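A look at the structure
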Amino acid sequence: MTFLAAIGIVVSTFLLGFFIAGLHETGPESDNESATSVALTALVMLFVAVCTAFILVEPALINPLWLQYTLMAGVPLVVGYILRRALAKSMDSTQQ
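So, here's what we can say about the structure. Treat the numbers as computed from the prediction; the structure is a model and nothing was measured. Once a new chain begins, its residue numbering starts again from 1 and follows that chain's sequence as written. Owing to the predicted nature of the model, reporting of local features is limited to residues with pLDDT of at least 70; listing and counting of side-chain atom pairs is limited to 80 or more, with chain, interface and lining totals taken over all residues. Based on all heavy atoms of the structure, the side-chain values leave hydrogens and waters out of the count.

**What about the packing of helix 1 (residues 2–25) against helix 2 (residues 32–55)?**
- Interhelical geometry of helix 1 versus helix 2 gives an angle of 155 degrees and a closest axis separation of 8 Å. The orientation of helix 1 relative to helix 2 falls into the category roughly antiparallel. Judged by the sense of rotation from one axis to the other, the crossing of helix 1 with helix 2 is left-handed. Between helix 1, through Ala5, Gly8, Ile9, Ser12, Thr13, Leu15, Leu16, Phe19 and Leu23, and helix 2, the contact on the second element is made entirely by Ala35, Val38, Ala39, Thr41, Ala42, Met45, Leu46, Val48, Ala49, Thr52, Ala53 and Ile55.
- Split into classes, the residues belonging to the contact of helix 1 with helix 2 amount to 16 nonpolar, five polar and no charged. Note on geometry: axes are lines fitted to C-alpha atoms, helical ones only across the stretch in contact, with angles between N-to-C directions running from 0 to 180 degrees. Each helix is a run of DSSP H or I of at least 4 residues and each strand a run of E of at least 2, with the numbering of both proceeding from the N terminus. Each angle gets one of four labels, with under 35 degrees taken as roughly parallel, over 145 as roughly antiparallel, 65 to 115 as roughly perpendicular, and the rest as oblique. Whether a crossing is left-handed or right-handed is set by the direction in which the near helix is turned from the far one by less than a right angle, anticlockwise for left-handed and clockwise for right-handed. Two residues qualify as a contact provided that any one of their heavy atoms is within 4.5 Å of a heavy atom in the partner residue. For this classification, the nonpolar set comprises Ala, Val, Leu, Ile, Met, Phe, Trp, Tyr, Cys and Pro, the charged set comprises Asp, Glu, Lys and Arg, and every other residue, Gly included, is treated as polar.

**Side note on the nonpolar core**
- Side-chain atoms within 4.5 Å link the members of a nonpolar core, which is a set of buried Ala, Val, Leu, Ile, Met, Phe, Trp, Tyr and Cys residues. Classification of residues uses two cut-offs on accessible area relative to the type maximum, computed with a 1.4 Å probe and protein chains only: under 20% is buried, over 50% is exposed, and between them is partly exposed. Judged by nonpolar contacts, Ala5, Ala6, Ile9, Ala53, Leu56, Met72 and Ala73 together constitute the single largest core of seven residues.
- Of all the secondary-structure elements, those providing two or more residues to this core are helix 1 and helix 3 (65–95).
- Considering each element in turn, this core owes the most residues, three residues, to helix 1.
- When near neighbours in sequence (up to four residues on either side) are disregarded, methionine 72 contacts Ala6, Ile9, Val10, Thr13, Leu56 and Leu61.
- Judged by nonpolar contacts, the second largest core, of five residues, contains Leu16, Val38, Ala42 and Met45.

**Quick notes on unusual backbone geometry**
- The omega torsion of the bond from asparagine 63 to proline 64 falls at -5 degrees, within 30 degrees of zero and hence cis.
- Along the chain, proline 64 falls in the loop between helix 2 and helix 3.

**Examining the packing of aromatic side chains**
- Aromatic rings from Phe, Tyr and Trp, with only the six-membered ring used for Trp, were paired whenever their centres fell within 6.5 Å, and each pair was classed as stacked if the ring planes differed by under 30 degrees, edge-to-face if by over 60, and tilted otherwise. This model, assessed by the stated rule, comprises two aromatic pairs.
- Seen in terms of ring centroids, phenylalanine 14 and phenylalanine 18 are 6.3 Å apart; in terms of plane orientation they differ by 25 degrees. Their pairing is stacked. Residue phenylalanine 14 and its partner phenylalanine 18 are both found in helix 1; the two are separated by four residues, about one turn of the helix.
- Since its relative accessible area comes to 28%, phenylalanine 14 is described here as partly exposed.
- Residue classification places phenylalanine 18 among the partly exposed positions, given a relative accessible area of 21%.

**Observations regarding helix 2**
- Helix span, expected: 1.5 Å multiplied by one less than the number of residues in the helix. Between its first and last C-alpha atoms helix 2 spans 35 Å; for 24 residues at 1.5 Å apiece the expected length is 34 Å, and the two agree.
- For helix 2, the full list of buried residues reads Ala35, Val38, Ala42, Met45, Ala49, Thr52 and Ala53.
- Where helix 2 is buried, its residues contact helix 1 and helix 3.

Keep in mind these numbers describe shape, not what the thing actually does.
Here it is, written out as structure tokens:
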């Protein structure tokens, strides 16, 4: 269970960062339905990340605990956000 929780927190926080960056790309001219589905998906990923974080409290994989959550939740969150923004920027430059 610990192994699955470790994979779950990394993947869910990466996707959370990816979807949060997607929310920044939606402007006022875009449809509300698209932004709502992205926000709902981000909320589900946040729920999965919190649940897996609770599973990883007692059998800590990395000590101290703050380092574990920084490496397994914070880093994938930032990487997902940066990757989505870089992907959007490269797609914009290829369309012009």
